[in-house]
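Examining the three-dimensional arrangement
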Amino acid sequence: MSDFFNAGIPLLLLSLIFGYLLGSVPFGLILTRMAGLGDVRSIGSGNIGATNVLRTGNKKLAAATLILDMLKGTVAVLVAGIAGPEAAIAAGLGAFLGHIFPVWLKFKGGKGVATYLGVLLGLFWKGALIFAAVWLLIAFATRYSSLAALVAAVITPIALYFFGYHQIAFLFLILTIIVFLKHRANIHRLVSGTEGRIGSKK
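Here the residue numbers are simple positions, counted from 1 along each chain's written sequence. Owing to the predicted nature of the model, reporting of local features is limited to residues with pLDDT of at least 70; listing and counting of side-chain atom pairs is limited to 80 or more, with chain, interface and lining totals taken over all residues. Heavy atoms throughout the structure, all of them, feed into the side-chain values; hydrogens and water do not.

1. Some points on the overall build of the chain
The following threshold applies: Helix and strand labels come from DSSP, where a helix needs a run of H or I of at least four residues and a strand needs a run of E of at least two; each type is numbered from the N terminus. With the radius of gyration taken over C-alpha atoms, the globule rule is written as 2.2 Å times the number of residues to the power 0.38. Between buried and exposed lies partly exposed: a residue is buried under 20% and exposed over 50% of the maximum accessible area for its type, with that area taken using a 1.4 Å probe on protein chains only. The criterion used for residue contact is that any of the two residues' heavy atoms lie within 4.5 Å. For the area figures, the Shrake-Rupley method with a 1.4 Å probe applies, and any residue is considered shielded solely by the protein chains shown. Positive charges come from Lys and Arg, negative ones from Asp and Glu, while His and the chain ends are left out of the count. Just so you know, the charge point we use is NZ for Lys, CZ for Arg, CG for Asp and CD for Glu.
When its secondary structure is counted, the chain shows eleven helices and zero strands. Mapped from its N terminus to its C terminus, the chain presents α and β elements in the order α-α-α-α-α-α-α-α-α-α-α. Scaling as 2.2 N^0.38, a compact globule of 202 residues should have a C-alpha radius of gyration of about 17 Å, and the chain matches this with 16 Å. Projected onto its principal axes, the C-alpha coordinates of the chain cover approximately 50 × 35 × 25 Å. Here the chain holds 202 residues, and the buried ones make up 45% of them. For the chain, restricting intrachain contacts to residue pairs at least 6 apart in sequence, the fraction spanning at least 24 positions comes to 61%. With the model as given, the accessible surface of the chain reaches about 10100 Å², and the carbon-plus-sulfur share is 73%. Taking the 17 positively charged and 5 negatively charged side chains of the chain as two groups, their mean positions are separated by 15 Å.

Structural data, given as structure tokens:
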């Protein structure tokens, strides 16, 4: 971790702020309003992410939300990465936090899974493939988006560690813990058998 801070605190803070501002753009809310579907926070889970946008019945809009929420993380990492790998990590953390706690929505945002994947894509694309493969496997088998995300998030820092990317693995350990905290209600519903499946209106 000492190498991380050797990059310079001002640079890391600037990268964090840059990533945060980019990550805090609420694409799910913007797209649904532009499409005349109202406030996506008033349906389903009340979340601004792609899974909840899908509950509007507009699959194209949900796909666009997923892609844009991912790209927030990827672009933040790639742009900040010009200044070095430590700046890229800081920007990735900022983008993830921005999506979850956007200043424009009184710090009430999404659950971070798409941006998590986007940050991972920017930092280590093979890790993103592992995440996506695990997500698809669990989602196909169970049709629970939340369960798929949680399992993939557990696998990710472990895989990164064994690939030798220890700084990135530590970052994603932190992000995974936050993902679990943001999914507390989903975990409760999974245990009780009331969690909505992919494509449902719940």
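2. Comments concerning the packing of aromatic side chains
As a reminder of what qualifies: Side-chain rings of Phe, Tyr and Trp (the six-membered ring for Trp) are treated as a pair once their centres are within 6.5 Å; stacked means planes under 30 degrees apart, edge-to-face means over 60, and tilted covers the remaining angles.
Per the stated rule, a full pass over the model turns up six aromatic pairs. Taken together, a centroid distance of 6.3 Å and an interplanar angle of 65° make the contact between Phe 96 and Tyr 116 edge-to-face. Within this pair, whereas Phe 96 is found in helix H6 (residues 85-100), its partner Tyr 116 is found in helix H7 (residues 113-123), the two being separated by 20 residues in sequence. No difference in accessibility class separates Phe 96 from Tyr 116, as the two residues are buried. Taken together, a centroid distance of 5.2 Å and an interplanar angle of 65° make the contact between Phe 124 and Phe 163 edge-to-face.

3. Overview of the side chain of Ser 24
As a reminder of what qualifies: Here a polar contact is taken to be a pair of N or O atoms separated by no more than 3.5 Å, where protein atoms must pair a possible hydrogen donor with a possible acceptor and residues adjacent in sequence count only if both atoms sit in side chains.
Mapped onto the elements, Ser 24 comes out in the loop between helix H2 (9-23) and helix H3 (27-34). Taking relative accessible area as the criterion, Ser 24 reaches 1% and is therefore assigned buried. At a separation of 2.9 Å, a polar atom in the side chain of Ser 24 contacts the main-chain carbonyl oxygen of Leu 21. Polar contacts involving the side chain of Ser 24 include one to the side chain of Trp 104, which spans 2.8 Å. Residues within four places of Ser 24 in sequence aside, it is in contact with Gly 98, His 99, Pro 102, Val 103 and Trp 104.

4. Brief notes about helix H10 (residues 166-182)
To be explicit about the condition: Each helix should span, by expectation, one fewer than its residue count multiplied by 1.5 Å.
Compared with the 24 Å implied by 1.5 Å per residue over 17 residues, the 24 Å span of H10 between its first and last C-alpha is a close match. For H10, the complete set of buried residues consists of Ile 168, Ala 169, Leu 171, Phe 172, Leu 175, Thr 176, Ile 178 and Val 179. Packing partners of the buried residues in H10 comprise H6, H7 and helix H9 (145-163).

5. Concerning the environment of Leu 29
Mapped onto the fold, Leu 29 is located in helix H3. With 21 residues separating them in the primary sequence, Leu 29 and Gly 8 have C-alpha atoms 36 Å apart. Those residues in contact with Leu 29 that lie beyond four places of it in its chain are Asp 39, Val 40, Arg 41, Ile 48 and Leu 105.

6. Examining the pattern of salt bridges
Side chains that differ in sign of charge can pair as their charged atoms come close. We count it as follows: The salt bridge definition used is simple: a Lys or Arg side-chain nitrogen within 4 Å of an Asp or Glu carboxyl oxygen.
Across all of its chains, the model carries four salt bridges by this definition. With a shortest N-O distance of 3.3 Å, Asp 39 and Arg 33 are connected by a salt bridge. Note on Asp 39: relative accessible area 23%, which makes it partly exposed. Overall, the relative accessible area of 47% leaves Arg 33 in the partly exposed class. Look at the salt bridges and you will find they share partners, linking Arg 33, Asp 39 and Arg 41 into a network.

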